[in-house]
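Below are the chains, spelled out letter by letter.
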Amino acid sequence: MSIVESQFQSVLKPLVHSESNLVVALSGGLDSMVLLQLSAAFAREQRLKCCAIHVHHGLSNNADEWAEVCKKVCEQLGVEIITEHVSLDLSHGESVEQLARSARYQALEQHMTPQSLLLTGQHGDDQLETFLLALKRGSGPKGLASMGSISPMASGLMVRPLLNLSRQELEAWATKAQLQWVEDESNQDQRFDRNFIRHSVTPALKARWPNILQSTVRTAALCAEQEALLDELLRDKLDSSVNGFGGLLIEDLTPHTEVYRFRLVRMWLASHGELMPSQAQMHQLWSSIACAQPDANPQLKLARGTVRRFQGALYWVESFEDVTHWSQSLTLTKTLLLPDGLGELGLQKMAQADAPCSARVGILRAPAPGEDYRVVFDPTGLSAHPEARQHSRKLKKLFQEYGVPSWLRRRTPIIMSNEQVVAVVGLFVDQRFSGQDIELIWHREIK
């Protein structure tokens, strides 16, 4: 077995089980074609499902040809291939590299399940380039950790099984195996920082220090270990500082040093998938958002969303769909998928309830004959009488009293029966529907 095959299998074998499926990110370039060949053979050996996803950006005149090459090779290997066409909005002046990367991962995420391993073909030379780019930006240990071999991706895992191999090793293996691959002409354009490093910097580094690639991979791994240790040590503190709506409590951050405070904020942002903000942005976030006057409504736009403040907490707000007019029936027999990544909602009889405590958000009586439950998101004109209250009130007032941020008030599920509010999920059950028959389960994602 070659070093390429051995390295690939050493990463994959501990991760797979009988229900695993391999999803290969296939661009058509050298590294992804090697990855496809290795994945197809491994899937046959382990009796796993394997498919390839080719993302067609349309940026090159050769894009259609690359898609055909990928299709042909997959047919030869007996691997299902799905081609995703994406378009990039270049009107806002953002980096084409970043736009293409974001579009690519959004397309790939659509094919992920909890059993999926998304395999990407980054190798040691890519790691060296990523490390140098982070160094150029003045990144700390998190940035210098560069790319990890294994990381969460949507509901599954993203795996880079070739990260400890050089491009030279992959090319030698591919040539011996007589593989076919495409060459993206844009990889020669040194206006892009990564290409400049690839063609003008790393050759000189390798000539001077032949082991620079291995040393960089090791340094990145050590930085990643230190980051993982810090995250582990501070995880309980972060969890205790986040409220039920996903907000980071400012009063929990205030007593700490700036270093400690900023670390918690960065961990919180990372949990929402945000890119790491600069030091200047961190100072602005604290001074202009966290420490703003109580009656202010400050906001800070970052790469993938906005940080806002509400009632003593920082909130991460992404752009989202309007779900105001969405409505679906809710029954004991079926888990309801909520719109726009808001999770899953279900009803379970108390004797059968087995969900994690964090997902249990209410207890109510079973519907009487003729009562049908449905889920809506529009609170306009609705009133309710929470179990613990003396009087009924408009939902608008109740949302304020329960401290629900304004942008979540039309994203919080409301259970209705005819024209009556049964419950506002996660907040209260109406007195008329109070009981001990059914438990309300919400596996949610806060956006």
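Residues numbered from 1 in each chain as written. Predicted model: local features only at pLDDT ≥ 70, side-chain atom pairs only at ≥ 80, totals over all residues. Heavy atoms only, no water.

### Considering the overall build of the protein
- The helix and strand inventory of the protein stands at 13 helices and 21 strands.
- If you line up the protein on its principal axes, its C-alpha atoms span 80 × 50 × 40 Å.
- Per-residue burial for the protein yields a buried fraction of 47% across its 447 residues.
- Nonlocal contacts in the protein, meaning residues at least 24 apart in sequence, comprise 67% of its contacts between residues at least 6 apart.
- If you sum the accessible surface of the protein, you get close to 23,400 Å²; carbon and sulfur atoms cover 49% of it.
- Here the protein carries 45 positive and 51 negative side-chain charges, and the mean point of each set is 4 Å from the other. (Helix = DSSP H or I, 4+ residues; strand = E, 2+ residues; numbered from the N terminus. Buried < 20%, exposed > 50% of the residue type's maximum accessible area, 1.4 Å probe, protein only. Contact = heavy atoms within 4.5 Å. Areas by Shrake-Rupley, 256 points an atom, 1.4 Å probe, with all protein chains shown as cover. Lys, Arg positive; Asp, Glu negative; His and termini not counted. Charge placed at Lys NZ, Arg CZ, Asp CG, Glu CD.)

### Side note on the nonpolar core
- The biggest cluster of nonpolar side chains holds 37 residues, and the ones touching the most others in it are Phe8, Leu12, Leu22, Val34, Leu36, Val79 and Leu119.
- Of all the secondary-structure elements, those providing two or more residues to this core are α1 (3-12), β1 (21-25), α2 (30-46), β2 (49-56), α3 (63-77), β4 (116-119) and α7 (167-176).
- When residues in this core are grouped by element, the largest group, 9 residues, is from α2.
- Apart from the residues lying within four places of it in its own chain, the contact partners of phenylalanine 8 are Leu35, Leu38, Ser39, Phe42, Leu119, Pro161 and Leu162. (Core = buried A, V, L, I, M, F, W, Y, C linked by side-chain atoms within 4.5 Å.)

### Some words on the UniProt feature "binding site: ATP" (unreviewed entry) in the protein
- Feature annotation in UniProt assigns "binding site: ATP" (unreviewed entry) to the following positions: Ser27, Gly28, Gly29, Leu30, Asp31 and Ser32.
- Position of glycine 28 relative to the elements: it lies in the loop between β1 and α2.
- Locating aspartate 31 in the fold gives a position in helix α2.
- Among all residues touching aspartate 31, those that are not within four sequence positions of it are Gly121, His123, Asp126, Leu162 and Leu170. (UniProt positions renumbered as here; feature names shortened; annotations may be inferred.)

### Things to note about α2
- Counted at 1.5 Å a residue, the expected span for α2 with its 17 residues is 24 Å, and the 24 Å between its end C-alpha atoms agrees.
- Within α2, 12 of the 17 residues are buried, which leaves it mostly tucked inside the rest of the structure.
- Every buried residue of α2 is listed here: Leu30, Asp31, Ser32, Met33, Val34, Leu35, Leu36, Leu38, Ser39, Ala40, Phe42 and Ala43.
- Arginine 47 sits one or two residues past α2 and shows a positive phi near 60°. (Expected span 1.5 Å × (residues − 1).)

### Brief notes about the sheet that holds strand β5 (residues 150-153)
- Strands sit in the order β3-β2-β1-β4-β6-β5 across an open sheet of 6 strands; the sheet is mixed. Of all strands in the sheet, those bounded by a partner on one side alone are β3 (80-85) and β5. Within this sheet the neighbouring strands show an average axis-to-axis angle of 25°, counted without direction.
- Examined bridge by bridge, β1 and β2 share 5 bridges and lie parallel to one another. If you follow valine 23 over to β2, its bridge partner there is cysteine 51.
- Running at roughly 145° to β2, helix α4 (residues 96-109) makes contact with β1, β2, β3, β4, β5 and β6 (156-159) of the sheet. (Pairing = 2+ DSSP bridges. Axes fitted to C-alpha atoms, helices over the stretch in contact; angles between N-to-C directions.)

### Section: the packing of aromatic side chains
- Evaluation of the coordinates by the stated rule reveals 7 aromatic pairs.
- Between phenylalanine 310 and tryptophan 407, the ring centres sit 6.2 Å apart and the planes meet at 75°, which makes this aromatic pair edge-to-face. Separated by 97 residues along the polypeptide, phenylalanine 310 in strand β9 (residues 306-310) and tryptophan 407 in the loop between α13 (395-401) and β18 (414-417) bring together distant segments of the chain.
- Taken together through their ring pairs, the aromatic side chains of Phe310, Tyr315 and Trp407 make up a single cluster.
- We note arginine 104 situated over the ring of tyrosine 105; from NZ or CZ to the ring centre the distance is 6.0 Å.
- Between the NZ or CZ atom of arginine 261 and the centre of the ring of tryptophan 286, over which it lies, the distance is 4.3 Å. (Phe/Tyr/Trp six-rings, centres within 6.5 Å; stacked < 30°, edge-to-face > 60°. Lys NZ or Arg CZ within 6 Å of the ring centre and 35° of its normal.)

### Things to note about the environment of valine 159
- Assignment of secondary structure puts valine 159 in strand β6.
- When the C-alpha atoms of valine 159 and glutamate 227 are compared, they prove to be 19 Å apart, with 68 residues separating the residues in sequence.
- Filtering out sequence-adjacent residues up to four positions away, valine 159 remains in contact with Val11, Leu12, Leu15, Leu117, Leu118, Leu119, Thr120, Ser149 and Ile150.

### Side note on the pairing of strand β13 (residues 344-349)
- Taken together, the 2 bridges between strand β12 (residues 336-337) and β13 define a ladder with antiparallel strand orientation. If you follow leucine 336 over to β13, its bridge partner there is leucine 345.

### Brief notes about the domain arrangement of the protein
- Here the domain parsing of the protein yields domain 1 (3-221), domain 2 (244-318) and domain 3 (327-443).
- Of note, the centres of domain 1 and domain 2, computed from C-alpha atoms alone, are 33 Å apart. (Domains from an automatic or database assignment.)

### Some thoughts on the packing of helix α11 (residues 258-271) against helix α12 (residues 279-290)
- The geometry of α11 relative to α12 is characterised by a closest axis approach of 11 Å and an angle of 95° between their N-to-C directions. Taken together, α11 and α12 sit at an angle that is classed as roughly perpendicular. Here Glu258, Arg261, Phe262, Val265 and Arg266 of α11 lie close against α12, whose contacting residues are Gln279, Met282, His283, Leu285 and Trp286.
- Residue composition of the contact of α11 with α12, grouped by class: 5 nonpolar, 2 polar and 3 charged. (Parallel < 35°, antiparallel > 145°, perpendicular 65-115°, else oblique. Nonpolar A, V, L, I, M, F, W, Y, C, P; charged D, E, K, R; others polar.)

### Topic: the environment of aspartate 340
- Tracing the backbone through its elements, the reader meets aspartate 340 in the loop between β12 and β13.
- Residue aspartate 340 is classed as buried on the basis of its relative accessible area of 15%.
- As for aspartate 340 and phenylalanine 42, which are separated by 298 residues in sequence, their C-alpha atoms are 35 Å apart.
- A polar side-chain atom of aspartate 340 sits 3.1 Å from a polar atom in the side chain of arginine 411. (Polar contact = N/O pair within 3.5 Å; in protein donor to acceptor, adjacent residues only side chain to side chain.)

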